[in-house]
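# Residue-level structure breakdown
Below are the chains, spelled out letter by letter.
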Amino acid sequence: MNLLAMPRKLADNPKALADGLLLGDRRAAARAITLVEDGSQKGTELMKLLYPHVGRSMVIGVTGAGGSGKSSLINHIIRVFRSQGRRVGVVAVDPTSPFSGGALLGDRLRFQTHSMDEGVYIRSMASRGYLGGLARATTDVVRIIEAMGNDLVIVETLGAGQDEIDIIHVAQTCVLVLTPGMGDDIQAMKAGIMEIADLIALNKADLDGAETCLRSLEATVRYGFEEKEAAWIPRVIPTVAAGARTDDVRGIEEVAEAILAHQSYLRESRTIHEIQAKRVEQELGLVFRDEVQKAVFKGLKGTGKKRQYIRAILEGRTDPYSVVEEVLRTFLRV
Amino acid sequence: MGTEKIKVIVSKVGLDGHDRGAKVVASLLKEGGMEVVYLGMYQTPESIIKAAIDEDADVIGLSYLSGEHLVYTPKIVEEMKKNGMDDVLLVVGGSFPPEDIEVMKQMGVDEVFRGGSRIPSIVNYITENVR
Ligand SMILES: Nc1nc2c(ncn2[C@@H]2O[C@H](COP(=O)(O)OP(=O)(O)O)[C@@H](O)[C@H]2O)c(=O)[nH]1
Ligand SMILES: [Mg+2]
């Protein structure tokens, strides 16, 4: 089948899309991602076909507050990895508006340097109400981009705040982007560093207070990791990811190097196997929850039971926990 | 769980350095419930098409300000044909002489909105015509 000549949606055949994207066809990959994002049955079929072919890429998470410079930094990191001949995929998540259901996905704007590079696949994603800094489908989207044959997949989280730790289930290496002058947030920041950072980019190092901030971060890392003799100690790297002139940019090679160093550490220490197992465990949990919910709601459909349950709960005759227990007994015979 | 959303690429084309109009349209389409990928300025027909492919966009929205619409539009239409994007809606907005609307439609543009068009009409048009 010639995917090239096919209108987008006519090619919505899981097998054809899987075959295409495994050969690196970006059109097939793009369409596959939409099917998965939409939670469609075809998306599920597709993921079944792809699973044997995933798990070989380096998956790098980039997290940090909105405006800290994640996208700008990624733009430069892509450049370094491309110059090493590696193929790169990027997933950038931005928030869905809870009011309109729409989203403004502005990260791509910062990746313009690579807008014509066939060796770079970039996909913007709206969170669609899912919490934790990612979208519900992000894990599958990363899998699809891996299956395309990319050496690296970079995931940019939406940067909403402190509870963005979902990224550690998806990424093997997490880059935490901080900026000078986050004084008030220092406690939250410390928690974030301890929980997720494999390396820290102190971005906007051109701004006032960068030096003080750097010393304070280094002290935090020393206290948190070195004294506990942690096997991996995050580096703190000052970076400038955007500036008035291109030669203002700095620290990028160091970040790329530290990412690769962490990847080597994961592989040499065999920690990578633990991380991969955790990731599969997380995926299994998500898929399980979704599928059970779908199956139960499908079973309830048309029985009028859902409405009865709601009324019963409202009238104080029962509660959500008892209802779910009853439903599970009926539909799953547990 | 069918949660299909309309995905729109919004871009400026050409060399003039104003993207306020494009930004306003982008954020209003977002308020209209769409997922809008904003590309910003200095895009070429090729870079817009590549973005539309990567993003699996349903709609491409182009914004022109300074009279390059008759130069760039045919190139974009041609790229879309070459890439099998017959089911992608192409919408153009900006300021140009009224007689150019028909010219662009002849070229293959699905709809044209001149500066000052009411935003709800753009949102409605896309919602009703997306393929
Ligand atoms: N001064 C300065 N500004 C930066 C730096 N890196 C990014 N910015 C600016 O910070 C803003 C937000 O950057 P962006 O990459 O979109 O941040 P994100 O929201 O974390 O992805 C943009 O205006 C960038 O130009 C930096 O190192 N120094
Ligand atoms: Mg960003």
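What counts and how
Residues numbered from 1 in each chain as written. Chains lettered and ligands numbered in written order. Predicted model: local features only at pLDDT ≥ 70, side-chain atom pairs only at ≥ 80, totals over all residues. Heavy atoms only, no water. Helix = DSSP H or I, 4+ residues; strand = E, 2+ residues; numbered from the N terminus. Buried < 20%, exposed > 50% of the residue type's maximum accessible area, 1.4 Å probe, protein only. Contact = heavy atoms within 4.5 Å. Areas by Shrake-Rupley, 256 points an atom, 1.4 Å probe, with all protein chains shown as cover. Near = heavy atom within 4 Å. Polar contact = N/O pair within 3.5 Å; in protein donor to acceptor, adjacent residues only side chain to side chain. Nonpolar A, V, L, I, M, F, W, Y, C, P; charged D, E, K, R; others polar. Core = buried A, V, L, I, M, F, W, Y, C linked by side-chain atoms within 4.5 Å. Pairing = 2+ DSSP bridges. Axes fitted to C-alpha atoms, helices over the stretch in contact; angles between N-to-C directions. Buried area = accessible area lost by both parts, 1.4 Å probe. Salt bridge = Lys/Arg side-chain N within 4 Å of Asp/Glu carboxyl O. Parallel < 35°, antiparallel > 145°, perpendicular 65-115°, else oblique. Left-handed = near helix turned anticlockwise from the far one by under 90°.

### With respect to the overall build of chain B
When its secondary structure is counted, chain B shows five helices and five strands. When its helices and strands are written in sequence order, chain B yields β-α-β-α-β-α-β-α-β-α. For the C-alpha atoms alone, the extent of chain B along its principal axes is close to 45 × 30 × 25 Å. The buried share among the 131 residues of chain B stands at 56%. Contacts in chain B between residues far apart in sequence, at least 24 positions, make up 69% of those at least 6 positions apart. About 5600 Å² of surface is accessible on chain B, with carbon and sulfur atoms providing 54% of the total.

### A few points about the site of ligand 1
All names here are of chain A. Near ligand 1 lie 17 residues; those nearest to it are Gly67, Lys70, Ser72, Arg110 and Ala241. A distance of 2.8 Å separates an oxygen atom of ligand 1 from a polar backbone atom of Gly67. Between Ala241 and ligand 1, the recorded distance is 2.8 Å, taken from a backbone N or O atom to an oxygen atom. In the complex, the protein chains occlude 76% of the 590 Å² of accessible area that ligand 1 would expose alone. Here the shell around ligand 1 gets three residues from one element, more than from any other, and that element is helix H4 (residues 70–83). Its residues assigned to classes, the shell around ligand 1 shows five nonpolar, seven polar and five charged.

### Here's the deal with the nonpolar core
Residues and elements named next belong to chain A. Counting 35 residues, the largest nonpolar core has Leu21, Leu46, Leu50 and Ile144 as its most contacted members. Residue assignment for this core shows that the elements contributing at least two residues are helix H1 (14–22), helix H2 (26–37), helix H3 (41–50), strand E2 (88–94), strand E4 (120–126), helix H5 (138–147), strand E5 (152–156) and helix H6 (167–170). Per-element accounting of this core gives the leading share, seven residues, to H2. Ignoring anything within four residues of it in the chain, the contact list for Ile144 reads Leu21, Ala29, Ala32, Ile33, Val36, Leu46, Met47 and Leu50. Of all hydrophobic cores here, the second largest spans 30 residues; its members include Ile74, Ile78, Val120 and Val249.

### Let's talk about the sheet that holds strand E7 (residues 199–202) of chain A
Residue and element names in this part refer to chain A. Judged by pairing direction, the sheet is parallel, and its seven strands sit side by side in the order E4-E2-E5-E1-E6-E7-E8 without closing on themselves. Only two strands of the sheet have a single partner each, and these edge strands are E4 and strand E8 (235–238). Across the sheet, the mean angle from the axis of one strand to that of its neighbour is 20 degrees, orientation sign disregarded. In this structure, strand E1 (residues 58–64) lies alongside E5, joined through five bridges in parallel fashion. Within E5, the position partnered with Gly61 by the bridge is Val155. Running over the sheet, H4 touches E1, E2, E4, E5, strand E6 (173–178) and E7 and is turned about 175 degrees from E5.

### Quick notes on the interface of chain A and chain B
Taken residue by residue, the interface counts 37 residues in chain A and 35 residues in chain B. The contact between chain A and chain B buries some 3100 Å² in all, and 47% of this surface belongs to carbon and sulfur atoms. Scanning the region where chain A abuts chain B turns up six salt bridges. With a shortest N-O distance of 2.8 Å, Glu35 of chain B and Arg128 of chain A are connected by a salt bridge. Contributions of two or more residues to the side of chain A that touches chain B are made by H2, strand E3 (103–105), E4 and helix H10 (271–300) of chain A. Where E3 of chain A and strand E2 (residues 35–43) of chain B come together, three bridges link them in parallel fashion. Bridge pairing in E2 of chain B links Leu104 of chain A to Val36 of chain B.

### Structural notes on the packing of H2 of chain A against H5 of chain A
Each pair of packed helices can be summarised by the angle the axes make with each other and by the distance between the axes. Residue and element names in this part refer to chain A. Relative to each other, H2 and H5 sit at 160 degrees, their axes nearing to 10 Å. The angle between the axes of H2 and H5 places the two elements in the roughly antiparallel class. Crossing hand, H2 versus H5: right-handed. Where H2 abuts H5, its residues Ala29, Ala32, Ile33 and Val36 lie against Asp140, Val141, Ile144 and Ile145. Considering only residue class, the contact of H2 with H5 consists of seven nonpolar, no polar and one charged.

### Some details on the pattern of salt bridges
Pairing is possible between side chains that carry opposite charge, provided their charged atoms lie close to one another. Counted by the stated rule, this structure contains 24 salt bridges over all chains. Salt bridges here are not isolated pairs; linked through shared partners, they connect Arg26, Glu37, Arg108, Glu118 and Arg123 of chain A together with Lys7, Asp54 and Glu55 of chain B.

### Topic: the pairing of E2 of chain B
All names here are of chain B. Within E2, eight of the nine residues are buried, which leaves the element mostly enclosed by the surrounding structure. As paired strands, strand E1 (residues 7–13) and E2 are joined by six bridges and run parallel to one another. Residue pairing for E2: Val8 is matched across the bridge by Val36.

Geometric descriptors of this kind do not, in isolation, establish any biological role.
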